[in-house]
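Secondary and tertiary structure notes
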Amino acid sequence: KERMNTIKHNKVVSITYAILNNRQEVVEQHDVPVAYLHGRSGGLLPGIEAALEGHKVGERVEIQLAPEDAYGVRDESLIFTDDIENVPPQYRHVGAEVQFENEAGESKTFYVTRIEDGKLTVDGNSVLAGQSVTCLVNVIDIRDASTAELRDGVAEGASPSSLH
């Protein structure tokens, strides 16, 4: 009976996955299962969730996502360049993460992407913005959601992941 379980609305699904960029390089990998409540807001990216529908435990699903279905298209308004003297020393290296807050108090991470000619550039785009990605998803477990999970709309022990 349990083996016939398929991924559908209100099932708690545990997956492991890898995300590959457009050069087929692994940019993120989760070997510890991540649980989510299928078909409820706050789950996976919609394209991934739709592709997993109907699959069973033990299956491996390869999902191709266009930029607009994955990490978005590049937004040039999220790129800023300033004189390096105006930047605190701890951020004066490529790859540094800088948190900025907007007027609404929402926080966003920017990354230092370039330093040249006394100028430093930060970029708020995901490194995967503008790229088609491949998600390799392994279905580890499927179970019925508990009453509390259905009420809250979240799988117990669900952790935020980049597939959201």
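Provided above is the structure to which this section pertains.
Per chain, the residues get numbers from 1 upward, laid out in the order the sequence is written. Only residues with pLDDT of 70 or above have their local features reported here, since the model is predicted, and side-chain atom pairs are shown and tallied only from 80 upward, although totals for entire chains, interfaces and linings are computed over all residues. Note that water and hydrogens are dropped before the side-chain values are worked out from all heavy atoms of the structure.

Thoughts on the side chain of E149
Put simply, the test is: For the purposes of this entry, the term helix denotes a DSSP run of H or I that reaches at least four residues, the term strand denotes a run of E that reaches at least two, and both are numbered from the N terminus. Burial status follows relative accessibility: with a 1.4 Å probe on protein chains alone, a residue under 20% of its type maximum counts as buried, one over 50% as exposed, and anything between as partly exposed. Between N or O atoms, a polar contact is any pair within 3.5 Å; within protein, one atom must be a potential hydrogen donor and the other a potential acceptor, and residues adjacent in sequence are included only when both atoms are from side chains. It only takes one pair of heavy atoms within 4.5 Å for two residues to be counted as in contact.
Along the chain, E149 falls in helix α2 (residues 147–152). Among the residues examined, E149 registers a relative accessible area of 3% and is labelled buried. Engagement of the side chain of E149 in a polar contact is seen with the side chain of R143, the distance being 2.8 Å. Of the polar contacts made by the side chain of E149, one reaches the backbone nitrogen of E156; its length is 2.7 Å. The residues touching E149, leaving out its near neighbours within four places in the chain, are V12, L37, R143, D144, V154, A155 and E156.

Digging into the sheet that holds strand β8 (residues 133–144)
The line we're drawing: By definition, two strands form a pair when at least two bridges between them are found by DSSP. Under this scheme, a helix contributes an axis fitted over its contacting stretch, all axes are lines through C-alpha atoms, and angles between N-to-C directions fall in the 0 to 180 degree range.
Ordered in space as β2-β1-β8-β3, the four strands form an open sheet in which the pairing is antiparallel. The open sheet has two edge strands, β2 (26–37) and β3 (60–65), and neither has a second partner. Between one strand axis and the next, the sheet turns by 25° as a mean value, whatever way the strands run. For strand β1 (residues 11–20) and β2, the ladder comprises eight bridges, and the chain directions are antiparallel. Residue pairing for β2: V12 is matched across the bridge by L37.

Overview of the environment of D117
If you trace the backbone, D117 turns up in the loop between β6 (107–116) and β7 (119–123). Distance from D117 to D83, taken between C-alpha atoms, is 9.0 Å for residues 34 residues apart in sequence.

Some points on the packing of aromatic side chains
Aromatic rings considered in pairs are described by the distance between their centres and by the relative angle of their planes. Keep this limit in mind: Each pair of aromatic rings taken from Phe, Tyr and Trp, with Trp reduced to its six-membered ring, is defined by centres within 6.5 Å and is described as stacked if the planes are under 30 degrees apart, edge-to-face if over 60, and tilted in the remaining cases.
Enumeration over the complete set of coordinates arrives at two aromatic pairs. The interplanar angle of 50° and the centroid separation of 5.9 Å between the aromatic rings of F80 and F110 together place this pair among those described as tilted. One end of the pair, F80, is in strand β4 (residues 79–83); the other, F110, is in strand β6, and 30 residues separate them in sequence. Residue classification places F80 among the partly exposed residues on the basis of a relative accessible area of 46%. Look at F100 and F110: their rings are 5.1 Å apart centre to centre, the planes differ by 80°, and that puts the pair in the edge-to-face class. One end of the pair, F100, is in strand β5 (residues 97–101); the other, F110, is in strand β6, with 10 residues separating them in the sequence.

Quick look at the pattern of salt bridges
This is how it is decided: One speaks of a salt bridge when a side-chain nitrogen belonging to Lys or Arg is within 4 Å of a carboxyl oxygen belonging to Asp or Glu.
Applying the stated criterion across every chain yields a total of six salt bridges. Close ionic contact of R74 with D123 constitutes a salt bridge, the shortest N to O distance being 2.5 Å. Note that R74 is positioned in the loop between β3 and β4 and D123 in strand β7, a separation of 49 residues in sequence. R74 sits in the partly exposed class, given a relative accessible area of 38%. Between E149 and R143 there is a salt bridge, with its nearest N and O atoms 2.8 Å apart.

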